[in-house]
Amino acid sequence: MSTWLLRRLVQALFVVLAMTVIVFVGVNVIGNPIDILISPDANAAERAQAIASLGLDKPLWQQYLSFLSGVLHGDLGRSFVYNEPAMRVILERLPATMELAVAAVLISILIGIPAGLYAGLRPNSWGARSLMAGSILGFSLPSFWIGLMMIMVFSVQLGWLPSTGRGATRALFGVQWSFLTRDGLVHMILPSINLALFNLSLIIRLTRAGVREALPSEYVRFARAKGLSPMRVVGVHVMKNILIPVVTVLGLEFATTIAFSVVTESIFAWPGMGKLIIDSISVLDRPVIVAYLMLIVMLFVTVNLVVDLLYVVLDPRVRLEQQG
Amino acid sequence: MSVPALEVRGLSTHFSSRAGVVRAVDDVSFTVQRGEVMGLVGESGSGKSVTGFSLLGLVDEPGRVVAGQILLEGRDIAKLSDGEMRRLRGRHIAMVFQDPMMTLNPVLRVDTQMIEAVQAHEPVSRAVARARARDALGLVGISSPEERLSAYPHQFSGGMRQRVAIAIALLHRPALIVADEPTTALDVTIQAQILSEMQDLCTRFGTALVWITHDLSVIAGLADHIAVMYAGRIVEKGTVDQVLDNPLHPYTQGLIGSVPSRTPRGERLRGIPGMTPNVLNLPVGCAFRTRCGRADAQCEEDPPEFAAEPGHAHRCFHPVAELVA
Ligand SMILES: Nc1ncnc2c1ncn2[C@@H]1O[C@H](COP(=O)(O)OP(=O)(O)O)[C@@H](O)[C@H]1O
Ligand code: SF4
Ligand SMILES: [Mg+2]
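None of the values given here were measured: they were computed from a predicted structure.

## Brief notes about the overall build of chain B
(1) Moving on: In terms of regular secondary structure, chain B is built from 11 helices and 12 strands.
(2) Moving on: For 325 residues, the compact-globule estimate of 2.2 N^0.38 gives 20 Å, and the C-alpha radius of gyration of chain B, at 20 Å, lies within 12% of that figure.
(3) Moving on: When the backbone C-alpha atoms are referred to their principal axes, chain B occupies close to 65 × 50 × 45 Å.
(4) Moving on: Within the span of chain B, comprising 325 residues, buried residues form 54% of the whole.
(5) Moving on: Long-range pairs, those at least 24 residues apart, make up 64% of the contacts in chain B with a sequence separation of at least 6.
(6) Moving on: Of the accessible surface of chain B, which amounts to about 14,100 Å², a share of 50% is contributed by carbon and sulfur atoms.
(7) Moving on: Of the side-chain charges in chain B, 32 are positive and 36 negative, and the distance between the mean point of each set is 5 Å.

## Details of the pairing of strand β8 (residues 208-213) of chain B
Put simply, side chains in a regular strand alternate between the two faces of the sheet.
Residue and element names in this part refer to chain B.
(1) Moving on: The buried fraction of β8 is high, at six of six residues.
(2) Moving on: What you see with β8 is no split at all: A208, V210 and I212 on one side and L209, W211 and T213 on the other are buried throughout.
(3) Moving on: Sheet topology places strand β3 (residues 37-41) next to β8; five bridges connect them, and they run parallel. Among the inter-strand pairings, V37 is bridged to a residue of β8, identified as L209.
(4) Moving on: Relative to β8, strand β7 (residues 176-180) is paired through five bridges, and the arrangement is parallel. Each residue of the ladder has a partner; that of A179, found in β8, is W211.

## A closer look at the nonpolar core
(1) Moving on: B:F30, B:L55, B:M114 and B:I226 are the most contacted members of the largest nonpolar core, which totals 94 residues.
(2) Moving on: Broken down by element, this core gets its largest block of residues, seven residues, from helix α7 (residues 158-170) of chain B.
(3) Moving on: The residues contacting B:M114, other than those within four sequence positions of it, are B:A133, B:A136, B:L137, B:L149, B:A167, B:I168 and B:L171.
(4) Moving on: A:V105, A:I113, A:I289 and A:L299 belong to the second largest nonpolar core, which has 51 residues in total.

## Overview of the interface of chain A and chain B
(1) Moving on: Between chain A and chain B, the contact holds 23 residues from the first and 30 residues from the second.
(2) Moving on: With both chains or domains summed, chain A and chain B bury close to 2,400 Å², and 60% of this area falls on carbon and sulfur atoms.
(3) Moving on: Of all residues in chain A, A:R221, A:F222 and A:K226 bury the most surface against chain B, accounting for 28% of the area lost on that side.
(4) Moving on: Joining chain A to chain B, the criterion identifies three salt bridges.
(5) Moving on: The partner of B:D60 in a salt bridge is A:R224, and the shortest N-O contact between them spans 2.9 Å.
(6) Moving on: Of all the elements in the fold, those that place two or more residues in the side of chain A that touches chain B are α9 (218-225), α10 (230-267) and α13 (316-323) of chain A.
(7) Moving on: Here the element with the most residues in the side of chain A that touches chain B is α10(A); it accounts for seven residues.

About the cut-offs
All residue numbers here refer to positions counted from 1 along the written sequence of the relevant chain. Here every chain gets a letter starting at A, and every ligand a number starting at 1, in the order they are written. Local features are withheld for residues below a pLDDT of 70 in this predicted model, meaning they are given only at 70 or higher, and side-chain atom pairs are given and counted only at 80 or more; totals for whole chains, interfaces and linings count all residues. For side-chain calculations, the full set of non-hydrogen atoms in the structure is used, while hydrogens and water are omitted. Secondary structure is summarised from DSSP: a helix means a run of H or I of at least four residues, a strand means a run of E of at least two, and numbering begins at the N terminus for each. Each radius of gyration reported is based on C-alpha atoms, and the globular scaling rule is 2.2 Å times the count of residues to the power 0.38. Buried residues are those whose accessible area, probed at 1.4 Å on protein chains only, stays under 20% of the maximum for their type, while exposed residues exceed 50% and partly exposed ones sit between those limits. Every residue pair with non-hydrogen atoms within 4.5 Å of one another is taken to be in contact. For the area figures, the Shrake-Rupley method with a 1.4 Å probe applies, and any residue is considered shielded solely by the protein chains shown. Positive charges come from Lys and Arg alone, negative charges from Asp and Glu alone, with His and the N- and C-terminal ends not counted. Think of each charge as sitting on NZ of Lys, CZ of Arg, CG of Asp or CD of Glu. Pairing between two strands requires that DSSP report at least two bridges joining them. The set of buried Ala, Val, Leu, Ile, Met, Phe, Trp, Tyr and Cys residues whose side-chain atoms join them within 4.5 Å is what this entry labels a nonpolar core. Once two parts are brought into contact, the accessible area they lose, counted with a 1.4 Å probe and summed over both, makes up the buried area. Between Lys or Arg on one side and Asp or Glu on the other, a salt bridge is scored when a side-chain nitrogen of the former is within 4 Å of a carboxyl oxygen of the latter.

Dropping the structure here:
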């Protein structure tokens, strides 16, 4: 178990390292950074001085090493726009994105699993059929279009829910959160549902498929033959088997949800990382872009690691293989 | 004689599909006494499993028990509500399934699966239920049961898993256990071992055993009675000696002929010519007609049950041997 964990950690480290190379090459080598960073009407002496101060005259591997040491110290340069360390600019926006993503994941679990169970247990019912049809829409309609429609209906036409910003926030651990105030919560409703729709559809379908697969299985029939209540058969025997794929997918989707909150945040003017990165790309705020990419990589790697660990906890068969 | 552990009368279970109605079990009747073993024999697809599921009320849509009585210790359980049936299952009537790799839930520990089986029927504490589970494991020959309880099913061999399933079936000392080909997936030596151990236990607890198999040789030595099933019907039934020594139905005779140990040395194994008929399109009259060498015009009618001698019955117009009753 511990050697397995160690191996996974080393793997994760290599993934991050590989990503630093890709990000470095992507941002520093492809396209000439000098053109981006140095004013076009600077004279030759100014150019040479700027190149030296940015370290661009050094060999590429030295440039990479100093970039890497910057990454290790959390120093990814200063944002051109905010004139603050890029990492700090990003981290300031992280809570807003996080609370939106967590809300979205909670919605997909709390609605998706019961709905999927229902659809799996009553596959021919009218409700199950509508759920299945709805989930296809949730998959295939573009998120920005659904977001716009939600704003049209619930904000513009009906005027029930706000469509922009975080609303009132309150501090907890020195960070501002929307979910702590009523106004903030109301502001979260539309964007978090918009962000959740894809995962929700996924969880409904996964759960339903899991139930359909488990119900005719021998172990369910044997559980019934023991005289267990339907509650226990579904709640324990079926659920425990469904949780494995659901947790895996949810875990992997959590990182994707954060990465894709870009769209939702832009539509609902939610001041999170996603909106920041779009703004930064449009003004070529290079350090912020790099910091964002590195953060997302770290996030994916960490989440994958956690999912693997959870998987081991949930599935005894995996546990044994890893011991051996 | 006292009330039999199980008496089945005219049991019919049908599956309705778009293509038509499958009479998987059709007018089946048999009796099993306390502590006795009845072998239910027949080719794959003849309706043995569906008969077993019908006894436990485990037939799922699109199947349905459409007729018949199932008297468990004299009480008809065929028409019980779902809840009443559930309280009976696992307690008074238990089942062991064919594939030990699939019957235990792979993600739950063995103790969880045994404790829940105890607690489903008796309001005892977890500790008491666990002790019961441990004793049951010991009973079926699992060594160091205390440690094995905390294991997961995949940590057991196939034979051991089936023993766990048998231990679960025995937890409440049921009146009847239906064993649906429980050793088919196992090694031949383990098969014989498990079968004889199970027979011992059932005799000890007075539990009646319905042992389903497609292989006559498996139960020839251990069963008290045999019922031969073909296309949803019992075509012959009697004591082991009656059926094996004096098979009356041509199908039974074919089955016995295809058992290797009974074939004289040098003689080629005689199979039963032809194939199991399509269940959706059974021949009118005797379903065995298309494969039977003795068939004639009369066989286009439904053969009723004939009693050849006390306890020995068959459904054939032209039995292989005439017995004087
Ligand atoms: N779920 C089902 N739907 C339709 N037909 C079924 C179903 N289960 C069983 N049957 C029918 O019942 C017949 C008997 O099946 P089964 O009892 O499993 O045979 P055996 O156990 O003797 O091999 C099969 O031929 C099949 O056509
Ligand atoms: S009833 Fe006729 S067809 Fe059926 S087994 Fe007897 S002789 Fe053969
Ligand atoms: Mg079967």
